Number of protein chains: 2
Amino acid sequence: MTSDNPDTHSLGALDETAKRLLFSDARTANTFADTPVSDAELAAIWELARWAPTSANTQPLRVLYVRGGAGRDRLVTHMNDGNRAKTASAPAVAVLAMDDRFHEHIPTVLPYKPELRDVFAGNDALRTGTALFNATLQAGYFILAVRAQGLAAGPMGGFDAAGIDADFFPDGRFHSILVVNIGHPGKDPWYDRLPRLGHDEVVRWA
Amino acid sequence: MTSDNPDTHSLGALDETAKRLLFSDARTANTFADTPVSDAELAAIWELARWAPTSANTQPLRVLYVRGGAGRDRLVTHMNDGNRAKTASAPAVAVLAMDDRFHEHIPTVLPYKPELRDVFAGNDALRTGTALFNATLQAGYFILAVRAQGLAAGPMGGFDAAGIDADFFPDGRFHSILVVNIGHPGKDPWYDRLPRLGHDEVVRWA
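Residues numbered from 1 in each chain as written. Chains lettered and ligands numbered in written order. Predicted model: local features only at pLDDT ≥ 70, side-chain atom pairs only at ≥ 80, totals over all residues. Heavy atoms only, no water.

A. Region of the structure containing the sheet that holds strand β5 (residues 203-205) of chain A. Pairing is mixed in the open sheet, where five strands are placed in the order β5(A)-β1(B)-β2(B)-β4(B)-β3(B). This sheet does not close on itself; its edge strands, each paired only once, are β5 of chain A together with β3 (152-156) of chain B. The mean inter-strand angle of the sheet, taken between neighbouring strand axes irrespective of direction, is 25°. As defined by bridge partners, β5 of chain A adjoins strand β1 (residues 61-66) of chain B across three bridges and the pair is classed as parallel. Its bridge partner lying in β1 of chain B, arginine 204 of chain A is registered against leucine 64 of chain B. (Pairing = 2+ DSSP bridges. Helix = DSSP H or I, 4+ residues; strand = E, 2+ residues; numbered from the N terminus. Axes fitted to C-alpha atoms, helices over the stretch in contact; angles between N-to-C directions.)

Here it is as structure tokens:
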């Protein structure tokens, strides 16, 4: 990772195949093959995503992997109608949630500023806003980490969050923000790609 | 991207070098070399990030690239004290903002459901929540797209958002959510890595 000049560091870039895999050719899968996804593969997704940055190293995202059986059946009942068949057919599903008490870990994760724990403890709006913002950033990292492991991700916002939280996180500490189907694409897995905004509609220069 | 069996599709995975580049070895740079970053490189970052998914294809993130000169000087004044030297030394800086009127694009980006534009127009809380959530997801994609291009990212939450918005987005439509320094790492660019939460603290299984 370092060049011969101690004052500069040269980083590599992804090759075109890798860029396509993660970004430009990747698609949201809507059907899944029977091919199983192992617990080791699911753990490997988090092993990648955990390193990407968060504000003050807060890391508020929590991941519940639902594989099959009764847990899956319960999860499906909390999904919107249009998402139930997809979630029922995915070999694994991740419920991504924010931990509203992430600040209890501050003395461990931010050892040079442990007093930030009490700042968050005393300011509910700051704490919740920080949790939601950073957990959502981490959800973005998570989706790309699924793809990095060679799996298809199917993120969905259409679900009864209060229902999932009451069912799977009954202590009230975690709040679900996104549900992601994970697996290998099945038959006719992709819809036609929807248009992206043009560069001139998104990017400005100063 | 497809296997011989029409009912399943095999995706590739990133190799270990690529995984390290994007996730496990990547670090937030705090100093930058003089090596310039070209407009083509900055455009290429967005060319990757634009493809990653958002709810209902809403794509509410907007990117302002600030390169140098008077714009940079103004931006630095809006950064928190601890971030000013970093932003002043980065060859390029991205101000990431959410577009609170993203729904005006719905008939283009979601052509099968153009009526969603009016749903968002009539519900400020839904519109703003959708904009913030999806723009933040896209900010996560953006940070990894910077790394995919072989550049170091330095995301910062410490800035006067109202000041940036009044200065750079005076029509009131865009709201800054994150500022990201972009460049090649300089001298002593990385602090010691802060601890990540253990898998057992983040991941649950059902």
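B. Structural view of helix α1 (residues 16-24) of chain A. When we look at burial in α1 of chain A, the residues that qualify are Ala18, Lys19, Leu21, Leu22 and Phe23 of chain A. Buried residues along α1 of chain A cover an arc of 165° about the axis, so they all sit on one side. (Buried < 20%, exposed > 50% of the residue type's maximum accessible area, 1.4 Å probe, protein only. Arc of directions from axis to C-beta.)

C. Molecular detail of the pattern of salt bridges. All names here are of chain A. Using the criterion set out here, one finds 26 salt bridges over all chains in the structure. Between glutamate 16 and lysine 19 there is a salt bridge; the shortest N-O distance is 3.7 Å. In this pair, glutamate 16 and lysine 19 both sit in helix α1, three residues apart, roughly one turn of the helix. Judged by relative accessible area, lysine 19 falls into the buried class, the value being 9%. Between arginine 127 and aspartate 124 there is a salt bridge, with its nearest N and O atoms 2.9 Å apart. In this pair, arginine 127 and aspartate 124 are both assigned in helix α7 (residues 124-148), three residues apart and thus about one turn of the helix distant. Looking at arginine 127, the relative accessible area reads 8%, which means it is buried. It is possible to trace a salt-bridge network through shared partners that takes in Arg62, Asp99, Arg101, Glu104 and Arg173. (Salt bridge = Lys/Arg side-chain N within 4 Å of Asp/Glu carboxyl O.)

D. Highlighting the packing of helix α3 (residues 69-78) of chain A against helix α8 (residues 161-168) of chain A. Residues and elements named next belong to chain A. Axis separation between α3 and α8 bottoms out at 9 Å; the angle between their running directions is 155°. Classified by the angle between their axes, α3 and α8 sit roughly antiparallel to one another. Regarding α3 and α8, the two cross each other, and that crossing is right-handed. Each of Gly71, Arg74, Leu75 and His78 in α3 lies in contact with α8, whose residues at this interface are Gly163, Ile164, Asp167 and Phe168. (Parallel < 35°, antiparallel > 145°, perpendicular 65-115°, else oblique. Left-handed = near helix turned anticlockwise from the far one by under 90°. Contact = heavy atoms within 4.5 Å.)

E. Looking closely at the environment of valine 37 of chain B. Residues and elements named next belong to chain B. Tracing the backbone shows valine 37 in the loop between α1 (16-24) and α2 (39-49). A residue is classified by how much of its surface remains accessible, and valine 37, at 10% relative accessible area, is buried. Here the alpha-carbon distance between valine 37 and alanine 52, two residues 15 residues apart in the chain, equals 23 Å. For valine 37, the residues in contact, after removing those within four places along its chain, are Leu42, Pro91, Ala92, Leu151, Ile182, Gly183 and His184.

F. Highlighting the relation of the copies chain A and chain B. Mapping chain A onto chain B is achieved by rotating through 180° and translating by 0.0 Å along the same axis, at an RMSD of 0.0 Å. Such values leave the two copies arranged in the relation of a two-fold axis. (Least-squares fit on C-alpha atoms with pLDDT ≥ 70 in both.)

G. Representation of the side chain of arginine 62 of chain B. All names here are of chain B. By secondary structure assignment, the location of arginine 62 is in strand β1. The exposure class of arginine 62 is buried, given its relative accessible area of 2%. Polar contacts involving the side chain of arginine 62 include one to the side chain of aspartate 99, which spans 3.0 Å. (Polar contact = N/O pair within 3.5 Å; in protein donor to acceptor, adjacent residues only side chain to side chain.)

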